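Coordinate inspection notes
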Amino acid sequence: MPEPSQDKLYATTLQTIGAVSKLPVVRVDREAFLRKHFGDSEHIDVILEQGPQAVYSVESLRKKANSLIKSSVAKTSMVSFASGLPSNPAVMIPAGGADVAQYFGFAINLAQQMAYLFGEDDLFDGGGQLSEAAQMRVIAYLGAMFGAAGASALVASTSKVAGANLGKKVAAQALTKTAWYPLVKKVGAVIGVKITKKSVEKTITKAVPVVGGVVSGGLTYVTFRPMGHRLADTLVKNLNGEFDVELELNAQFAALVDTEVIDAEDVTEEPTETA
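1. Here we look at the confidence of the model for the protein chain
Of all residues in the protein chain, 61% attain a pLDDT of 70 or more, and the chain-wide mean is 74. Contacts from residues 164-168, a stretch scored under 50 in pLDDT, to residues over four places away or in other chains number eight contacts. Within the model, the stretch residues 203-219 combines pLDDT values under 50 with 33 contacts to residues more than four positions away or in other chains.

Following this line, the structure appears as structure tokens:
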């Protein structure tokens with residue numbers, strides 16, 4: 001069976017993001033989050049207006065990120081354990097799909113916490129919807145979590161604190177016409193590979209009696225923790241102005257690449273984990 005094309009993998013990512021963004025557990029209210037974690041600060045008004053990075057050092061915020069990641073991983077692993085318990089074989093695949101949606105929902109939830117901690121603005125609009133610009137940010141965050149090549153450059157391109165004004169730029173032209181689109185598509189395809197693999201993984205653990213719950217929770221803990229740290233490290237670099245430069249392909253080579261099947265291993269960086 002041929003491997004999915006980049007277009008198909010990118011479409012899978014958009015479909016998954018669209019679906020999980022509707023889950024109640026996914027959305028993090030920026031003001032409520034900041035008040036919860038910085039409400040006792042005498043500088044709370046500045047934090048709400050400009051972000052925690054306007055008040056606190058990057059180093060102290062990175063330490064705060066560690067505790068947020070630890071808490072989120074613990075919650076996600078417990079939920080994954082419960083959902084990994086055996087189910088009716090007749091609904092095995094749909095249940096696996098629900099688990100995957102849940103997994104990526106928690107990833108987007110953690111991504112918002114990290115983003116707000118390091119000074120980014122609300123991801124969701126007032127109606128709880130993800131705009132096209134917000135979808136680009138989600139792809140950038142998830143890409144950074146998975147170590148996708150080019151994701152850190154995409155985070156910088158879509159960052160408020162890096163001086164970008166993504167909303168107006170995207171509103172002025174279709175996403176496919178923006179300078180970011182090739183990179184968004186490439187990073188999105190890498191996430192699509194991860195979604196596909198997670199679907200298979202979750203379906204398999206559903207079929208294993210009792211032990212499946214242990215396997216599911218264990219895999220979540222092992223993978224989710226470094227994901228959070230990779231995103232936090234990327235946002236720290238973003239604040240420090242350490243932007244990765246994304247080199248552009250020449251037109252002839254780019255046309256050749258577009259006709260070939262994407263290889264996830266070729267576009268994924270070596271994972272690193274922060275203790």
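2. Re the pattern of salt bridges
Opposite charge on two side chains lets them pair, provided their charged atoms get close. If you walk through the whole model with that rule in mind, you get four salt bridges. Residue Asp121 is joined to Arg137 by a salt bridge in which the shortest nitrogen-to-oxygen separation is 3.0 Å. Here Asp121 is found in the loop between α5 (92-117) and α6 (132-146), whereas its partner Arg137 is found in helix α6, with 16 residues between them in sequence. A relative accessible area of 32% places Asp121 in the partly exposed class.

3. Quick word on the packing of aromatic side chains
Across all of its chains, the model carries three aromatic pairs by this definition. Residues Phe38 and Tyr56 carry aromatic rings whose centres are separated by 5.5 Å and whose planes lie at 25° to one another, so their mutual orientation is stacked. Here Phe38, found in helix α2 (residues 30-38), pairs with Tyr56, found in the loop between α3 (44-50) and α4 (58-83); they are 18 residues apart in sequence, far enough to count as distant. The partly exposed category is assigned to Tyr56, whose relative accessible area is 30%.

4. As for the packing of helix α1 (residues 6-20) against α6
Contact geometry of α1 with α6 gives a least axis separation of 11 Å together with a crossing angle of 110°. On the basis of their axis angle, the class for α1 and α6 is roughly perpendicular. Contacts between α1 and α6 pair Tyr10, Thr13, Leu14 and Ile17 from the former with Gln135, Val138, Ile139 and Leu142 from the latter. Classifying every residue of the contact of α1 with α6 by side-chain character gives six nonpolar, two polar and no charged.

5. A few points about the environment of Gly241
Among the structural elements, Gly241 can be located in the loop between α10 (211-239) and α11 (251-258). Separated by 80 residues in the primary sequence, Gly241 and Val161 have C-alpha atoms spaced 9.8 Å apart.

6. Side note on the environment of Leu23
Mapped onto the secondary structure, Leu23 falls in the loop between α1 and α2. What makes Leu23 partly exposed here is its relative accessible area of 31%. Put simply, Leu23 and Phe106 are 83 residues apart on the chain and 9.8 Å apart in space, counted from C-alpha to C-alpha.

7. What about α2?
Among the residues of α2, Arg30, Phe33, Leu34 and Phe38 are the ones counted as buried. Buried residues of α2 fall within an arc of 95° about the axis and therefore sit on the same side. Its side-chain oxygen at 3.2 Å from the backbone nitrogen of Glu31, Asp29 defines the N-terminal cap of α2.

Parameters and conventions
- Residues numbered from 1 in each chain as written.
- Predicted model: local features only at pLDDT ≥ 70, side-chain atom pairs only at ≥ 80, totals over all residues.
- Heavy atoms only, no water.
- pLDDT = per-residue confidence, 0-100.
- Contact = heavy atoms within 4.5 Å.
- Salt bridge = Lys/Arg side-chain N within 4 Å of Asp/Glu carboxyl O.
- Helix = DSSP H or I, 4+ residues; strand = E, 2+ residues; numbered from the N terminus.
- Buried < 20%, exposed > 50% of the residue type's maximum accessible area, 1.4 Å probe, protein only.
- Phe/Tyr/Trp six-rings, centres within 6.5 Å; stacked < 30°, edge-to-face > 60°.
- Axes fitted to C-alpha atoms, helices over the stretch in contact; angles between N-to-C directions.
- Parallel < 35°, antiparallel > 145°, perpendicular 65-115°, else oblique.
- Nonpolar A, V, L, I, M, F, W, Y, C, P; charged D, E, K, R; others polar.
- Arc of directions from axis to C-beta.
- Polar contact = N/O pair within 3.5 Å; in protein donor to acceptor, adjacent residues only side chain to side chain.

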